[in-house]
Amino acid sequence: MGTVHFDYDGETVIVTGASSGIGRAIALRFGEAGATVINADVREEPKSDGEPTHEKIVDEHKGTAEFVHTDVSKPGELEAVVEAAREYGGVDVMVNNAAMQHSEPFLDVDQEAFDELHHTNIRGYFFGTQAAAKDMIDRGEEGCIVNTASISSEVAQHDQVQYDSTKGAIKMITKGTALELADHGIRVNAIAPGQIATEFTEGWSDEAQEAAGEGGFIKPVPLGRAGFPEDLAGPALFLASDDADYITGELLFVDGGWTAI
Ligand SMILES: NC(=O)c1ccc[n+]([C@@H]2O[C@H](COP(=O)([O-])OP(=O)(O)OC[C@H]3O[C@@H](n4cnc5c(N)ncnc54)[C@H](O)[C@@H]3O)[C@@H](O)[C@H]2O)c1
C-alpha cells in the first residue's frame, strides 16, 4: 500500500471555501505539495480550533499562501480572486468547493432561501470555472478545474431537494465545461464526497462517526466509518495532477462505498 507524494511546486491553486472542512484539507495538502495556495472564502477563521488555513500553510510547510475575502455567489469577486492569483503567475488549478447546505421539506422552501442556495452553489461553480478558464486561456496555459460535487449529485435524500438540485447541476457544469474547455487543454473533474464529518454536517458528525458501521447514517457506509475531510484531499490532488491527464468530465465518488449500495 503506497502513499502518493504529489509535487505542485511552482503551481498556483485557488480553493474556494478553504477556511474549514473539505476545502481546508484540500488546501493544506496542496500547500504541503509545494503549491502557492489562495483561500477564497467569506470568512478567514476556521469554525473549529486552529489557525487560518493560509497561515498554517506558511507556518508548517514554509509555503506561500494567502486569504482573499470572496463571496462565490458574486461573479465579480471570483474574477477578483483570479486576478489576485496573477501576482503568482496566474491560476493553474481552480478548486470550486464553497457551498451552502440547506435541509427543509420541499413544500416549505421559499424563493429567497432557494435563490441564496442556488446563487452560492451554482453561480459559484459556474463563474468560478469561467473566470479561471479565461485566465488560463489568456496566458496560454493548460490548467485544471476540480469541483466538489456530492453523492447528492446522483442520489436524492429526504428534505434535501434544494441542495440536491444544486449538486446535480454541479455534475453537469463539470461535464459541460469539460467538453467546452477540452480544446484549450483544460481538464474539469469533480470529487463527490459521501457523508463527511465537517461543520457542514454539524449536529450529527460525532454520533455518525460512531454509528457509521451500524447503520447510523441514512444507510450504512460499507467501509464502516464516517468520512473525514482528509479523505478528499488525495483524490482532489490526483484529479488535478498529470497522472490524471486523460481524465476529464469525471465524478470521482469518495464515499466509503455508499453509492455502491
Ligand atoms: N460534509 C459533507 O458531508 C459533504 C458531502 C458532500 C459534499 N460536500 C461538499 O463539500 C464542500 C465543502 O463542504 P464542507 O463539508 O467542507 O463544509 P464547511 O461548512 O466545513 O465548509 C464550507 C466553507 O465554505 C465557505 N463558504 C460558504 N459560503 C460561501 C460563499 N458564499 N463564498 C465563499 N465561501 C463560502 C464557508 O465559510 C466554509 O469555510 C461543499 O461543496 C459541500 O457541498 C460536503
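See the structure shown above.
Attention here is on the structure that accompanies the text. (Residues numbered from 1 in each chain as written. Predicted model: local features only at pLDDT ≥ 70, side-chain atom pairs only at ≥ 80, totals over all residues.)

### Quick word on the nonpolar core
Generally speaking, soluble globular proteins have nonpolar side chains that are buried together. To be explicit about the condition: Joining buried Ala, Val, Leu, Ile, Met, Phe, Trp, Tyr and Cys residues through C-beta atoms within 7 Å gives a set, and that set is a nonpolar core. Counting other C-beta atoms within 10 Å of a residue's C-beta gives its exposure: the residue is buried at 20 or more, exposed at 12 or fewer, and partly exposed in between, where C-beta atoms are placed from the backbone. A pair of residues counts as a contact when their C-beta atoms, built from backbone coordinates, are within 7 Å of each other.
Counting 63 residues, the largest nonpolar core has Ile 14, Ile 26, Val 146 and Ala 236 as its most contacted members. Apart from the residues within four sequence positions on either side, Ile 14 is in contact with Ile 38, Ala 40, Val 81, Val 82, Ala 85, Val 91, Met 94, Val 95 and Ala 132.

### Focus: the sheet that holds strand E2 (residues 36–41)
Stated formally: Pairing between two strands requires that DSSP report at least two bridges joining them. We count a stretch as a helix when DSSP gives it H or I for four or more residues in a row; a strand needs E for two or more, and each element gets its number in order from the N terminus. Note on geometry: axes are C-alpha line fits, over the in-contact stretch for helices, and angles between N-to-C directions span 0 to 180 degrees.
As summarised here, the arrangement of the seven strands in space is E3-E2-E1-E4-E5-E6-E7, forming an open sheet in which the pairing is parallel. Strands at the two margins of the open sheet, each flanked by one partner only, are strand E3 (65–69) and strand E7 (251–254). Each strand axis lies, on average, 20 degrees off the axis of its neighbour in the sheet, ignoring direction. Bridge count for strand E6 (residues 187–193) against E7 is four bridges, and the pairing is parallel. Note that in E7 the partner of Ile 191 across the bridge is Leu 252. Contacting strand E1 (12–16), E2, E3, strand E4 (93–96), strand E5 (144–148) and E6, helix H1 (residues 21–32) crosses the sheet at an angle of about 170 degrees to E1. Sitting on the sheet, helix H4 (residues 111–139) is in contact with E1, E4, E5 and E6, with an inclination near 175 degrees to E4.

### Regarding the packing of helix H3 (residues 75–85) against H4
Between two packed helices, both the angle of their axes relative to each other and the distance between the axes serve to describe the pair. In plain terms, the rule: By definition, any crossing whose near helix is turned counterclockwise from its far helix by less than a right angle is left-handed, and any crossing with a clockwise turn is right-handed. Polar here means any residue other than Ala, Val, Leu, Ile, Met, Phe, Trp, Tyr, Cys and Pro, which are nonpolar, and Asp, Glu, Lys and Arg, which are charged; Gly is therefore polar.
It is at 9 Å that the axes of H3 and H4 come closest, and there the two elements cross at 35 degrees. Along this stretch, H3 crosses H4, giving a crossing that reads as right-handed. In this structure, H3 uses Pro 75, Leu 78, Glu 79 and Val 82 to contact H4, whose residues at the interface are Arg 123, Phe 127, Gly 128, Ala 131, Ala 132 and Asp 135. For the contact of H3 with H4, the per-class residue count stands at six nonpolar, one polar and three charged.

### Let's talk about H4
Definition in use: Expected span of a helix, by definition, is 1.5 Å for each gap between consecutive residues, and there is one gap fewer than residues.
When the terminal C-alpha atoms of H4 are compared, their 40 Å separation across 29 residues agrees well with the 42 Å that a helix rising 1.5 Å per residue should span. Within the sequence span of H4, burial applies to Leu 117, Thr 120, Asn 121, Gly 124, Tyr 125, Gly 128, Thr 129, Ala 131, Ala 132, Ala 133, Asp 135 and Met 136. Elements that come into contact with the buried residues of H4 comprise E1, H3, E4, E5, helix H5 (161–181) and E6.

### Observations regarding the pairing of E4
Under the convention used in this document: Seen with the strands pointing away from the viewer, any crossover whose path from the first strand over the helix to the second strand runs clockwise is right-handed.
Burial of the side chains of E4 extends over both faces: Val 93 and Val 95 are buried on one face and Met 94 and Asn 96 on the other. Where E1 lies against E4, three bridges are found, and the strand directions are parallel. Within E4, the position partnered with Val 15 by the bridge is Val 95. With four bridges connecting them, E4 and E5 associate as parallel partners. Note that in E5 the partner of Val 95 across the bridge is Val 146. Viewed along the sheet, the connection from E4 through H4 into E5 turns out right-handed.

### Considerations on H1
Between the first and last C-alpha of H1 there are 17 Å, a value that for 12 residues agrees with the 16 Å anticipated at 1.5 Å per step. Summarising burial for H1: 11 of the 12 residues are buried, a large majority. Within H1, burial applies to Gly 21, Ile 22, Gly 23, Arg 24, Ala 25, Ile 26, Ala 27, Leu 28, Arg 29, Phe 30 and Gly 31.

### Observations regarding unusual backbone geometry
Of all residues except glycine, most have a negative phi; of all peptide bonds, most are trans. Residue Lys 62 is not a glycine yet carries a positive backbone phi of 55 degrees. Within the fold, Lys 62 resides in the loop between helix H2 (53–61) and E3. Among the residues examined, Lys 62 registers 9 C-beta atoms within 10 Å and is labelled exposed.

### Some remarks on the packing of H4 against H5
Short version of the rule: The cut-offs work like this: below 35 degrees is roughly parallel, past 145 is roughly antiparallel, 65 to 115 is roughly perpendicular, and the gaps in between are oblique.
As a packed pair, H4 and H5 sit with axes 10 Å apart at the nearest point and diverge in direction by 15 degrees. One finds that H4 runs roughly parallel with respect to H5. H5 is crossed by H4, and the crossing has right-handed handedness. Along its contact with H4, which presents Phe 114, Leu 117, His 118, Asn 121, Ile 122, Tyr 125, Phe 126, Thr 129 and Ala 133, the element H5 presents Gln 162, Tyr 163, Thr 166, Ala 169, Ile 170, Ile 173, Thr 177 and Leu 181. When its residues are assigned to classes, the contact of H4 with H5 shows 11 nonpolar, six polar and no charged.

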